[in-house]
Amino acid sequence: MNDRERAGGRLAAAFLVLSIAGSVAFAAGFALDASTQILGLGLGTAFLALAGTLVVWSRMLMPHEQVADPHHPLRSPQPLRDEATASLEEGAEQIVGRRRWLVRLGYAALGFLGLAALFPIRSLGPSPAGKVGRSNWRDGLRLVREDGRLVRAGEIDTGSVVTAFPEGFTGRNNENAMANDAVMLVHVDASALQLPAARADWAPQGFIAYSKVCTHAGCPVALYRQGPQQLFCPCHQSTFNVLDGGSVVFGPAARALPQLPLALEADGSLRAGGPLSDAVGPDTWG
Ligand code: FES
């Protein structure tokens, strides 16, 4: 083995180890709900390092010299042929033996990549017990803003809207849950409310909250139309009535927005009086 082959072997091994590290990082990131950037970095590293191994192998470890042997018209005697065959087999055995550890490392890298792929494949199945459509809202949780600050009734004028989350479920570790938990808190004129009798006390002093996840296909229902008192989803124009419990006024959504029962505390904070009235998002999430 010459110096070039030795260097190629070391470089290929380094790439394979890097690929294994990338696969492990991807699998761990997926299990720990890491950000998409981290997952992409892990998977990208695994594939790029494998590609690097192939390049090194083809350029530094494969023989490139052209060998020509003149054809002899006469057949060699049998002892000479046996000797040549034995010599060839011994040489091949030596080459395979030298690179066997590298081949094993290659199999290990492919194995780790395959194992890492099982994590996202597993999540392609049915949602675990409808977890996707659930939120963290429950009785007693106060409403906070995205940065964790308490929502105070005195800060929200009539005709204004605030996106709110359950206290204790915001921040970097809750980014996925926050998408399900987000509610649009609207302050309307209490005398205009037309809520069903069972929800008569769900909107104290005109503070009313609905899930921000559209029941059509899950886009954020991010627009509030103050005039007609409607929440509007920009994806396919589903429109919901703020005053009567979130019924569908227009668009492809087939179900009202889930409403969050609210209670107003003496200190001006708002808290949930129970969970959302229905599953979050489209029915296909349940
Ligand atoms: S996702 Fe809201 S209307 Fe389609």
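Look a little higher up for the structure.
In this report, the structure presented in the accompanying data block is examined. Since the structure is predicted, the reported quantities are computational estimates derived from the model, not experimental observations.

## With respect to the overall build of the protein chain
Within the protein chain one finds four helices and eleven strands. Burial analysis of the protein chain (286 residues in total) assigns 38% to the buried set. Contacts in the protein chain between residues at least 24 apart in sequence constitute 60% of all its contacts with a sequence separation of at least 6. Entry remark: accessible area of the protein chain is about 16,600 Å², with carbon and sulfur atoms responsible for 59%.

## Quick look at the sheet that holds strand S2 (residues 161–166)
Reading across the sheet, the five strands line up as S1-S2-S3-S4-S9 and stay open at both edges, with antiparallel pairing between neighbours. Edge positions in the open sheet fall to strand S1 (143–144) and strand S9 (259–260), since each of these has one partner strand only. In this structure, strand S3 (residues 183–187) lies alongside strand S4 (residues 207–211), joined through five bridges in antiparallel fashion. Note that in S4 the partner of His187 across the bridge is Phe207.

## Concerning the packing of aromatic side chains
Counted under the stated rule, the structure contains zero aromatic pairs. Of note, Arg225 hangs over the ring of Phe232, and the distance from its end group to the ring centre comes to 4.0 Å.

## What to know about the sheet that holds strand S7 (residues 239–241)
The strand order across the open sheet built from four strands is S5-S6-S7-S8, with neighbouring strands paired in antiparallel fashion. Unpaired on one side and paired on the other, strand S5 (223–225) and strand S8 (248–250) mark the two borders of the sheet. When strand polarity is set aside, the average angle formed by the axes of neighbouring strands in this sheet is 35 degrees. Judged from the two bridges that link them, S7 and S8 form a sheet pairing that is antiparallel. Residue pairing for S8: Thr239 is matched across the bridge by Phe250.

## Regarding the pairing of S2
If a strand is regular, its side chains alternate between the two faces of the sheet. As paired elements, S1 and S2 share two bridges and run antiparallel to each other. The residue of S2 that forms the bridge with Leu143 is Pro166. Both S2 and S3 contribute to a ladder of four bridges, which runs antiparallel. Of the residues in S3, the one forming a bridge with Ala164 is Val183.

## Here's the deal with the state of the cysteines
Under the definition given, this model contains one disulfide. Here Cys219 engages in a disulfide with Cys235; their sulfurs sit 2.0 Å apart. Linking Cys219 and Cys235, the disulfide has an S-S dihedral of approximately -90 degrees and is accordingly described as left-handed. Within this pair, whereas Cys219 is found in the loop between S4 and S5, its partner Cys235 is found in the loop between strand S6 (230–232) and S7, the two being separated by 16 residues in sequence.

## With respect to a nonpolar patch on the surface
A contiguous nonpolar surface patch, about 320 Å² in accessible area, is contributed by Val103, Tyr107 and Leu110. Residue position: Val103 is located in helix H3 (residues 78–122).

## Digging into the nonpolar core
Core analysis: the biggest nonpolar cluster contains 19 residues, and Val188, Ile208, Leu231 and Val242 have the highest contact counts within it. Counting residues per element, the ones that place at least two in this core are S3 and S4. By size, the runner-up hydrophobic cluster in this structure holds 18 residues, among which are Ala153, Val183, Phe207 and Val280.

## Remarks on the pattern of salt bridges
Two side chains carrying opposite charge are able to pair once their charged atoms lie near each other. Taken as a whole and judged by the stated rule, the model has seven salt bridges. Of the charged contacts in the structure, one is a salt bridge between Arg145 and Glu155, with a shortest N-O distance of 2.9 Å. Of this pair, Arg145 sits in the loop between S1 and S2 while Glu155 sits in the loop between S1 and S2, and the two are ten residues apart along the sequence. Note on Glu155: relative accessible area 45%, which makes it partly exposed. Members of the salt-bridge network, linked through shared partners, are Asp139, Glu265 and Arg271.

Calculation criteria
- Residues numbered from 1 in each chain as written.
- Predicted model: local features only at pLDDT ≥ 70, side-chain atom pairs only at ≥ 80, totals over all residues.
- Heavy atoms only, no water.
- Helix = DSSP H or I, 4+ residues; strand = E, 2+ residues; numbered from the N terminus.
- Buried < 20%, exposed > 50% of the residue type's maximum accessible area, 1.4 Å probe, protein only.
- Contact = heavy atoms within 4.5 Å.
- Areas by Shrake-Rupley, 256 points an atom, 1.4 Å probe, with all protein chains shown as cover.
- Pairing = 2+ DSSP bridges.
- Phe/Tyr/Trp six-rings, centres within 6.5 Å; stacked < 30°, edge-to-face > 60°.
- Lys NZ or Arg CZ within 6 Å of the ring centre and 35° of its normal.
- Axes fitted to C-alpha atoms, helices over the stretch in contact; angles between N-to-C directions.
- Disulfide = S-S within 2.5 Å.
- Patch = residues over 30% accessible without salt bridge, like charges linked within 9 Å, V, L, I, M, F, W, Y side chains within 5 Å.
- Salt bridge = Lys/Arg side-chain N within 4 Å of Asp/Glu carboxyl O.
- Core = buried A, V, L, I, M, F, W, Y, C linked by side-chain atoms within 4.5 Å.

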